[in-house]
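# What the coordinates show
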Amino acid sequence: MENSCEVLGSKGLIKKHEFVRIIVQCLYALGYSKTASCLESESGVSYKSPEFQLLESHVLNGNWDSCISFLDSIREALGESRDSALFLVLKQCLLECLSRGEDTLALDVLRKQVSALKVERSKVHSLAKSVLSLKDVDVGMIDGIVVHDLRQKCLTDLEKLLHPPISIPERRLEHLVENTVTAWVDSCLYHGSSNSISLYVDHQCGRDQIPTVTTQILTGHRNEVWFVQFSNNGEYLASSSNDCTAIIWKVLEDGELTLKHTLCGHQHAISLVAWSPDDTKLLTIGNAEVLKLWDVEEGTCKHTFGNPDFVVSSCAWLPNSKQFVCGSSDPEKGICMWDCDGNEIKAWRGTRMPKVVDIAVTPDGEYLITILMDKEIRILHTGTNAERVISEEHPITSLSVSGDSKFFIVNLNSQEIHMWDVAGKWDKPTRFMGHKQCKYVIRSCFGGFNSTFIASGSENAQVYIWNSRNSRPIEVLSGHSLTVNCVSWNPKRPHMLASASDDYSIRIWGPSS
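Because the structure is predicted, anything quoted here is derived from the model rather than measured.

It is worth spelling out the sheet that holds strand 30 (residues 506-510) at this point. Sheet strands associate in pairs through backbone hydrogen bonding, adopting either a parallel or an antiparallel arrangement. An order of 3-30-29-28 is seen for the four strands of this open sheet, with the pairing classed as antiparallel. The sheet is open, and its two edges are formed by strand 3 (213-218) and strand 28 (484-489), each paired on a single side. On average, each strand axis in the sheet is tilted by 25° relative to the strand beside it, whichever way the strands run. For strand 3 and strand 30, the ladder comprises five bridges, and the chain directions are antiparallel. Residue I217 lies in a different strand from strand 30, and its bridge partner there is R507.

Turning to the nonpolar core, a few remarks are in order. Judged by nonpolar contacts, the single largest core of 43 residues is most densely connected at L237, L282, L291 and I506. Leave out the neighbours within four places in its chain, and I506 touches Q216, I217, L218, H221, V225, V228, L237, S239, W249, H480, A498 and S499. W64, I74, V119 and I166 belong to the second-largest nonpolar core, a separate cluster that totals 36 residues.

Take the pairing of strand 15 (residues 344-348) next. In this structure, strand 14 (residues 335-339) lies alongside strand 15, joined through four bridges in antiparallel fashion. Bridge pairing in strand 15 links C336 to A347. In sequence, strand 14 turns back onto strand 15 through a hairpin of four residues, with G342 there showing a positive phi of about 95°.

With numbering aligned to this structure, UniProt lists the feature "domain: CTLH" (unreviewed entry) at residues 48-105. Taken end to end, residues 48-105 comprises 79% helix and 0% strand; its first and last C-alpha atoms sit 33 Å apart.

This part takes up the sheet that holds strand 6 (residues 246-251). Taken in spatial order, the four strands line up as 4-5-6-7 in an open sheet, and their pairing is antiparallel. The open sheet has two free edges, formed respectively by strand 4 (225-230) and strand 7 (257-263), since each of these has just one partner strand. Ignoring which end each strand starts from, the neighbouring axes of this sheet average 20° apart. As paired elements, strand 6 and strand 7 share six bridges and run antiparallel to each other. Directly across from K250, in strand 7, lies its bridge partner T258.

A surface patch of nonpolar side chains, amounting to about 310 Å² of accessible area, comprises L13, I14 and F19. Relative to the elements of secondary structure, F19 occurs in helix 1 (residues 16-29).

Conventions used here
Residues numbered from 1 in each chain as written. Predicted model: local features only at pLDDT ≥ 70, side-chain atom pairs only at ≥ 80, totals over all residues. Heavy atoms only, no water. Pairing = 2+ DSSP bridges. Helix = DSSP H or I, 4+ residues; strand = E, 2+ residues; numbered from the N terminus. Axes fitted to C-alpha atoms, helices over the stretch in contact; angles between N-to-C directions. Core = buried A, V, L, I, M, F, W, Y, C linked by side-chain atoms within 4.5 Å. Buried < 20%, exposed > 50% of the residue type's maximum accessible area, 1.4 Å probe, protein only. Contact = heavy atoms within 4.5 Å. UniProt positions renumbered as here; feature names shortened; annotations may be inferred. Patch = residues over 30% accessible without salt bridge, like charges linked within 9 Å, V, L, I, M, F, W, Y side chains within 5 Å. Areas by Shrake-Rupley, 256 points an atom, 1.4 Å probe, with all protein chains shown as cover. Salt bridge = Lys/Arg side-chain N within 4 Å of Asp/Glu carboxyl O.

Next up, the structure:
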């Protein structure tokens, strides 16, 4: 046996015998048994500790009293898992007693030993029920091979309960390497890919992994562009403007965008658009006006919603692409759910209902998130009607939800963006700063693989990009000449970002490479 105090690495932090033992475990797990055995022999380091080898002998030979004595001898090392380990041993012992027709012994073990263990009562009750049901039938002798397999499973379960150094946690080397790779990714500000990472060199992405340069300028609008949003399939971009029109742009295979339809019919500026989840329909909201439903392929208006009694301020689709919710900017008008034919499905109204600033439905359809009276966020679970309220200290201008339905961000006129978790586990939001927003509605969005990034417009004519783990921007994109009102990240092309500005233009951004 080699010196167990020998260390490896330039800093002398790795114990050699532990390192070798973990490698041997990995080789066995990968199916390289001969190689693992050879390494054990050459290094003098065994994957299984002497204590575990002794336990293995007791279990495979059915020496249950010896097993119990051994577990008692390492009581301190086992800690709280001692009773769980004893339960596994006694459970196997009971089964074998019953198979030999020793019903009285089995019941005695159950009453005196199992019942005294501090384990979940449901496990004890389940075992007792199984013993009593097996007792009433002729179990018969269990085949020797079956006994060996059951004992082997018992041993595997015990191995998971035993603490190092008696036992090594499962797939320990994989876990260590995965932790290292995860740390690389977490510290990489520009990482935005689902590709596997090479272990040969330390990982670090360059800024060419995110959109940083203008690849195209779209000039189809004749006035300020207030809103842009890519379709869910990433094949289209919709924009809306102070010129009272909305435009549907087609994203070509080479990444260029071309005008598909110009949507006319609103009497006022169009404040926002919303794609149906199946991307066949588009909603457009006129500023302090009605809402219109359009057929994307034909570019024709299918229905007009709202009236002087219900001026639509915001809207969001339900996952079925057949219904959507709308909020009103008029106090007491509340929220309405309509179908595509204009039928009211449901409404949330009341004399104390404040005006709706923005509204969103999580992509999974589980939550309805509403911004009320500038500073209040209400999160309603659509299944249980359970509601949670978050109060911000400064007025909120916009809301955006991540594609995985786990997070949402709000833009505040205090020049901060706050990210909250939808489930309500966080007491405080993650804050993002650096952009300029004091008096206009500025909209932000999630982007990149797994919503790694956050992008936002700004009143200083720039686009800001943050890594969601860092409060300061990693990129500031220049090109627009006036306020950038809205940004949208292509959900299927993680290197494509669109921005809408008061300078009448839409810029498409791509990687520097």
